[in-house]
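Understanding the architecture of this molecule
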Amino acid sequence: MTPPRTPDQLHRFGYLGPRGTFTQMALDAWDAAEGREHLPFGSVDAALSALRAGDIDAAMVPIENSVEGGVSATLDSLATGEPLVVIGEVLVPITFVLCARPGMPLAEVRTVGTHSHAWAQVRGWMGRHLPDAAYVPTLSTAASAAALAQPGEVMFDAGVCAPVAASNEGLEVLAEDIGDNASAVTRFVLVARPGTLPEPTGADKTTIVLFQREDHAGGLLELLEQFAVRGVNMTRLESRPTGAAMGSYCFSIDFEGHVLDARVGETLMGLRRVCAEVRFLGSYPRADRGRPDTRPGTTDADFDHARAWLEDLRA
Ligand SMILES: O=C(O)C(=O)Cc1ccccc1
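Residues numbered from 1 in each chain as written. Predicted model: local features only at pLDDT ≥ 70, side-chain atom pairs only at ≥ 80, totals over all residues. Heavy atoms only, no water.

Note the cut-off: UniProt positions are given in the numbering used here, feature names are shortened, and annotations may be inferred rather than shown by experiment.
An unreviewed UniProt entry annotates the protein as Prephenate dehydratase originating from Terrabacter aerolatus. Its UniProt record gives the protein a comment under Catalytic activity (unreviewed entry), which states: "prephenate + H(+) = 3-phenylpyruvate + CO2 + H2O". As stated in UniProt under Pathway (unreviewed entry), the record for the protein gives "Amino-acid biosynthesis; L-phenylalanine biosynthesis; phenylpyruvate from prephenate: step 1/1."

Set out below in structure tokens:
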């Protein structure tokens, strides 16, 4: 996981809570709290609204899972509304347990509560061990454990969460390691209001959202070739409905490099020419420290030489 790199001006951090979520683990990994506040929020939207309102300085939210894909609540909130920027990312390996109130036998579990992304990752196990169990969605994995720990009626018999959430809430673990994919990883992003741009490290990523001008044959290719000709490697590409009309999509994209890198700047200018809108969602150090494989002709020095050559011609 990423070591802490907390800019000095950030003091109040929000996260998708309650305590015991994978998102809290991501925030703890990023910011080993030294007097800074870590505040739980009930949903991604609630955390990002508090950030936009200025109640917190940054928010840790899930963005992508290696098994289930993008987290729509996060992608859509970042693509619209008051601008926010990603200033860091954290990768967290995911392990799930099935937990219940003490005394509940596995054979009697009829309903299971958890976050939709967690349910999608334990579907195989559920099919084998609790094929008739009904799914009850909760706003996070730890929210299902917290609900079971409250006295009185609860909407489900068991919850799926991190081992730490089950033990925080004094629940019994009915089964361990129930994820269908043992190497599942979730990627979390630390989001702030614009104005914080982490310095380039040589191992950076940039996130943008592209809105096309009009639907036409080769429209997506036109966007992709902006990256290809400048040697910029994409690490995530998703289309999301804009909500404006049926068939209206935007593209949410992560790629290697920092906005201050020449090839990234040239790519963004190319995209700006061919798109109706380019929303910049930040440049930040990669959690895995992976450095891009820069092709000959696409280094900062190559772009500088070419620009100097053109200026010479014009002079
Ligand atoms: O609900 C949580 O614990 C989260 O942090 C969101 C989530 C849910 C499922 C897998 C990874 C992250």
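A look at the nonpolar core
Stated formally: To form a nonpolar core, buried Ala, Val, Leu, Ile, Met, Phe, Trp, Tyr and Cys residues must be joined to one another through side-chain atoms within 4.5 Å. Buried means the residue's accessible area, taken with a 1.4 Å probe over protein chains only, is under 20% of the maximum for its type, while exposed means over 50%, and partly exposed covers the values in between. Strands are runs of DSSP state E lasting at least 2 residues, helices are runs of H or I lasting at least 4, and numbering of each runs from the N terminus. Residue ranges assigned to the domains are those given by an automatic or database domain assignment.
Counting residues in each nonpolar core, the largest one holds 36 residues, and the members touching the most others are Met60, Leu98, Val112, Met126, Val160 and Ile178. Listed by contribution, the elements that provide at least two residues to this core are strand E1 (12–16), helix H1 (22–30), strand E3 (58–65), strand E5 (85–93), strand E6 (97–100), helix H4 (116–129), strand E9 (158–161) and strand E11 (185–192). No fewer than three residues from each of domain 1 (10–94 + 183–195) and domain 2 (97–176) sit in this core. The next biggest cluster of nonpolar side chains, apart from the first, holds 23 residues, and it includes Ala47, Ile56, Leu84 and Leu281.

With respect to the pattern of salt bridges
We count it as follows: Whenever Lys or Arg places a side-chain nitrogen within 4 Å of a carboxyl oxygen from Asp or Glu, that contact is recorded as a salt bridge.
Within this structure, the stated rule accounts for 14 salt bridges. Here Arg12 ties to Glu37 by a salt bridge, and the two come within 2.9 Å at their closest N and O atoms. Of this pair, Arg12 sits in strand E1 while Glu37 sits in strand E2 (residues 37–41), placing them 25 residues apart in sequence. The partly exposed category is assigned to Arg12, whose relative accessible area is 32%. A network of salt bridges, in which partner residues are shared, links Glu64, Glu89, Arg187, Lys205, Arg236, Glu238 and Asp254.

Thoughts on the packing of helix H7 (residues 219–228) against helix H8 (residues 262–274)
Formally: The convention used is that axes are lines fitted to C-alpha atoms, helices contributing only their stretch in contact, and that angles between N-to-C directions extend from 0 to 180 degrees. An angle below 35 degrees is treated as roughly parallel, one above 145 as roughly antiparallel, one from 65 to 115 as roughly perpendicular, and anything else as oblique. By definition, turning the near helix anticlockwise from the far helix through less than a right angle yields a left-handed crossing, and turning it clockwise yields a right-handed one. Between two residues, a contact is recorded if the distance between any of their heavy atoms is within 4.5 Å. Classes in brief: Ala, Val, Leu, Ile, Met, Phe, Trp, Tyr, Cys and Pro nonpolar; Asp, Glu, Lys and Arg charged; the others, Gly included, polar.
One way to put it is that H7 packs onto H8 with a least axis distance of 8 Å and a crossing angle of 165°. As judged from the angle between their axes, H7 and H8 are roughly antiparallel. Crossing of H7 against H8: the hand is right-handed. Residue-level contacts link Glu222, Leu223, Gln226 and Phe227 of H7 to Thr267, Gly270, Leu271, Arg273 and Val274 of H8. For the contact of H7 with H8, the per-class residue count stands at four nonpolar, three polar and two charged.

Some remarks on the domain arrangement of the protein
Interfaces are often described in size by the accessible area the parts lose on coming together. Spelled out, the test is: Here the quantity called buried area is the total loss of accessible area, with a 1.4 Å probe, experienced by two parts when brought into contact, counted for both. Polar contact criterion, stated in full: a pair of N or O atoms within 3.5 Å, where within protein one must be able to donate a hydrogen and the other to accept it, and residues adjacent in sequence count only if both atoms are side-chain atoms.
Here the domain parsing of the protein yields domain 1 (10–94 + 183–195), domain 2 (97–176) and domain 3 (196–315). Placing a centre on the C-alpha atoms of domain 1 and another on those of domain 2 gives a separation of 23 Å. Interface area for domain 1 against domain 2, summed over the two sides, is near 1,200 Å², with a carbon-plus-sulfur share of 63%. Counting across the interface, domain 1 meets domain 2 through zero salt bridges. Taken together, the connections running from domain 1 to domain 2 amount to four residue pairs in polar contact (both at pLDDT 80 or more).

Details of the pairing of E9
To keep things clear, this is the line we draw: When DSSP finds at least two bridges between two strands, those strands are taken to pair.
Alternating positions in E9 separate into two faces, Ala158 and Val160 on one and Gly159 and Cys161 on the other, with burial throughout. Bridge analysis of E6 against E9 gives four bridges, and the strand direction is antiparallel. The residue bridging Cys99 from the neighbouring strand is Gly159, located in E9. The pairing of strand E7 (residues 111–114) with E9 spans two bridges and is parallel. Across the sheet, residue Gly113 finds its bridge partner in E9, namely Gly159.

Observations concerning the packing of helix H2 (residues 44–53) against helix H3 (residues 72–79)
Running from N to C, H2 and H3 point in directions that differ by 25°, and their axes come no closer than 9 Å. Accordingly, the angle class assigned to the pair H2 and H3 is roughly parallel. Of the two elements, H2 crosses H3, and the hand of that crossing is right-handed. On H3, the residues that touch Val44, Asp45, Leu48 and Arg52 of H2 are Ala73, Thr74, Ser77 and Leu78. Along the lines of polarity and charge, the residues of the contact of H2 with H3 split into four nonpolar, two polar and two charged.

Notes on the side chain of Thr74
Here Thr74 lies in helix H3. Each residue touching Thr74, except ones within four places of it in the same chain, is listed here: Val44, Val61, Pro62 and Ile63.

A few points about the sheet that holds strand E12 (residues 204–212)
Taking strand neighbours across the sheet as the criterion, the four strands line up as E13-E14-E12-E15 in an open arrangement whose pairing is antiparallel. Because the sheet does not close on itself, it has two edges, and the strands there are strand E13 (234–241) and strand E15 (275–285). Each strand axis lies, on average, 15° off the axis of its neighbour in the sheet, ignoring direction. Bridge analysis of E12 against strand E14 (residues 249–256) gives seven bridges, and the strand direction is antiparallel. Bridge pairing in E14 links Thr207 to Asp254. Set on the sheet, H7 makes contact with E12, E13, E14 and E15; between it and E12 the angle comes to about 155°.

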